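# Tertiary structure, described
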Amino acid sequence: MPSLTNEVILRTLPGIILCAAAMAYADDAPTGFDNLSNGFVDQVTFQADLAKFEQVELITDGLGPLYNAQSCRECHQNPVSGGASQITELRVGHLNRKGRFQDSRIPIARGTVVITGRSLVNDRAICPNKAFPDIEIQERVPKRENIRTFRISVNLLGDGFVEAVADQTLVDLARAQCHASRGTICGQALRVPIVEAKGQTAIGRFGWKDQHASLLSFAADAYLNEMGITNPLQRDEVTALCNTVSEPNDTPGADGLADTDHFARFGRSTKATPRDATLAATAKAARGAVLFNRVGCAACHVPSLTTAPAGTKINGGAFTVPDALGGKTFHPYSDFLLHDVGTGDGIVMAMTEHYGKDAYEIDWKGRSDKAQQRTRNKIRTPPLWGVRMQPRLMHDGGSLTFTDAIGRHRGEAGTVVRRFNNLGRSDRQAIEEFLRSL
């Protein structure tokens, strides 16, 4: 049965914001942990893209010289490839004398080379090895980089639907939040570069800092920075030391597609994460859903969003929303906006790291350095779909129970947390039961 769409129509109840359904109908996005295509591509193509996603990279493929993982699946695999995981990455930086965030400077090769333009610190390196026995490139955090955080790997399942949400939907949602809460809850819709559409930007929605709006840009970023594989959109190695493979490491195959194209197509073809149907059908979880809305959690953890109509051009015109992704309602429990809820990690996205070494030479339409700096203590609202598969919660994986995670919220979420704490024990348990069903 089709469901009512959620077109950023908000109504206010005693100081909170709830999403109400619009009067138009849309199909629900398909869900499942079944490794089946959502219809964007046929199953044979989906399986081929999945194989690329799971492929282990070797030094001869271009792995490193600095890296965190050898495959996409290594960090995104619970319960199936594309899901979240317990794997974390390390990010650091510091403030200058004016209190402005500065990207880290990490010395390697006994201090003879300094890695700049990043906040990411890689956990692994390919040398010293037999070919380079005397070169030491392992990154270590110097004392001056005193802003430090871990970030846990995120779920990628259903991200094709997230990518297909119109920019204006997120902009309108941010404005409506702020208006309805009288300035208490104000999500930031940040315009970020689309690397495959030079000069173009869109509203970010991927990554803990909303650093990407495009799955192709996101894939190219991760391929270079997490695995050290240069590619058509990220052509420059972080360091040339120990490197013997020609650039870019990832080049188009016989089908005209590079690995990054396959990764993006895989993400666009995945089904959204399903709920635990058995638990969701219980009276306790149903009551928890009502209370979740009532205390105000749904102001940021928005239950439903609807994608742009099929045929809509997004990502600076580089991608057209197909029938399989267009006009679909999905249930992420997120607004995909940046919020200060007291858990910000103090890091501002590094332009060079995420968008390439020529990022500052390009005039990105609508990008604001001031707006980017405002993200320092903000975090993207984590989607709660599939949260029952995540034993470690929050951006740093530092919370192990839903109650602990809720208790860490401050800032924009302060009033909501107080409402939660004022509930009776049974009501709080009902909300936790609802969360365990997602």
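In this text the structure is predicted, and so the values were computed from the model without any measurement.

## Some words on the overall build of the chain
Scanning the chain from N- to C-terminus turns up 12 helices and 19 strands. Here the C-alpha radius of gyration of the chain, 21 Å, is about what a compact globule of 438 residues would show, namely 22 Å. Overall, the C-alpha framework of the chain stretches about 65 × 50 × 40 Å when taken along its three principal axes. Among the 438 residues that make up the chain, the fraction classed as buried is 55%. A separation of at least 24 residues holds for 70% of the contacts in the chain among residues at least 6 apart in sequence.

## With respect to the confidence of the model for the chain
On average, residues of the chain score 94 in pLDDT, and 94% of them are at 70 or above. Of the regions scoring below 50 in pLDDT, residues 1-24 engages in 65 contacts with residues more than four places distant in sequence or in other chains.

## Here we look at the pattern of salt bridges
On inspection of all chains with the given rule, the structure shows 18 salt bridges. When the shortest N-O distance is used, the salt bridge between lysine 52 and aspartate 259 registers 3.4 Å. One end of the pair, lysine 52, is in helix H1 (residues 43-54); the other, aspartate 259, is in helix H5 (residues 259-269), with 207 residues separating them in the sequence. Overall, lysine 52 belongs to the partly exposed group, its relative accessible area being 28%. A residue is classified by how much of its surface remains accessible, and aspartate 259, at 12% relative accessible area, is buried. Salt-bridge contacts for aspartate 345 lead to arginine 151; the nearest nitrogen and oxygen are separated by 2.8 Å. Of the two residues, aspartate 345 sits in the loop between strand E18 (338-339) and helix H8 (351-355) while arginine 151 sits in strand E11 (residues 147-152), which places them 194 residues apart along the sequence. Taken individually, aspartate 345 and arginine 151 each receive the classification buried, so the pair is uniform in this respect. Put simply, Glu89, Arg91 and Glu353 are held in one network by salt bridges that share partners.

## Some points on helix H3 (residues 167-180)
In this model, H3 (14 residues) spans 20 Å end to end at C-alpha, consistent with the 20 Å of a helix rising 1.5 Å per residue. If you check which residues of H3 are buried, you get Thr169, Leu170, Val171, Leu173, Ala174, Ala176, Gln177 and Ala180.

## Quick notes on unusual backbone geometry
Here the residue pair asparagine 78 and proline 79 is connected by a cis peptide bond, since its omega of 5° sits within 30 degrees of zero. Along the chain, proline 79 turns up in the loop between strand E5 (66-67) and strand E6 (88-95). With an omega dihedral of 15°, the bond running from cysteine 127 to proline 128 counts as a cis peptide bond. Mapped onto the elements, proline 128 comes out in the loop between strand E10 (124-125) and E11. Although it is not a glycine, arginine 110 sits at a positive phi angle of roughly 55°. Structurally, arginine 110 can be placed in the loop between strand E7 (101-108) and strand E8 (113-118).

## Structural notes on the packing of helix H4 (residues 215-227) against H5
Across the interface, H4 lies against H5 with an axial gap of 8 Å and an inter-helix angle of 125°. With respect to H5, the axis of H4 lies oblique. Seen from above, H4 lies across H5 with right-handed handedness. In this structure, H4 uses Leu215, Leu216, Ala219, Ala220 and Tyr223 to contact H5, whose residues at the interface are Asp259, Thr260, Asp261, Phe263, Ala264, Gly267 and Arg268. Of the residues in the contact of H4 with H5, the class split is seven nonpolar, two polar and three charged.

## Focus on the pairing of E7
Looking along a regular strand, one sees side chains alternate from face to face of the sheet. Where E6 meets E7, three bridges bridge the pair, whose relative direction is antiparallel. Considered in E7, the bridge of glycine 93 is made with aspartate 103. Counting the residues in the hairpin turn of E6 and E7 gives five residues, including glycine 99, whose phi is positive at 80°. As paired strands, E7 and E8 are joined by four bridges and run antiparallel to one another.

## Considering the side chain of glutamate 432
With respect to the helices, strands and loops of the structure, glutamate 432 is situated in helix H12 (residues 425-436). The side chain of glutamate 432 sits in the buried core without any salt bridge; arginine 436 is the nearest counter-charge, 4.3 Å away.

## A word on the side chain of serine 85
Mapped onto the elements, serine 85 comes out in the loop between E5 and E6. For serine 85, a relative accessible area of 10% corresponds to the buried category. At 2.8 Å, the side chain of serine 85 forms a polar contact with the backbone oxygen of cysteine 75. For serine 85, the side chain forms a polar contact with the main-chain nitrogen of isoleucine 87, separated by 3.1 Å.

## Notes on the environment of leucine 36
Looking at the element boundaries, leucine 36 is found in the loop between strand E4 (25-28) and H1. Spatially, the C-alpha atoms of leucine 36 and aspartate 363 are 40 Å apart, while their sequence positions differ by 327 residues.

Analysis parameters
- Residues numbered from 1 in each chain as written.
- Predicted model: local features only at pLDDT ≥ 70, side-chain atom pairs only at ≥ 80, totals over all residues.
- Heavy atoms only, no water.
- Helix = DSSP H or I, 4+ residues; strand = E, 2+ residues; numbered from the N terminus.
- Rg over C-alpha atoms; globule rule 2.2 N^0.38 Å.
- Buried < 20%, exposed > 50% of the residue type's maximum accessible area, 1.4 Å probe, protein only.
- Contact = heavy atoms within 4.5 Å.
- pLDDT = per-residue confidence, 0-100.
- Salt bridge = Lys/Arg side-chain N within 4 Å of Asp/Glu carboxyl O.
- Expected span 1.5 Å × (residues − 1).
- Axes fitted to C-alpha atoms, helices over the stretch in contact; angles between N-to-C directions.
- Parallel < 35°, antiparallel > 145°, perpendicular 65-115°, else oblique.
- Left-handed = near helix turned anticlockwise from the far one by under 90°.
- Nonpolar A, V, L, I, M, F, W, Y, C, P; charged D, E, K, R; others polar.
- Pairing = 2+ DSSP bridges.
- Lys, Arg positive; Asp, Glu negative; His and termini not counted.
- Polar contact = N/O pair within 3.5 Å; in protein donor to acceptor, adjacent residues only side chain to side chain.

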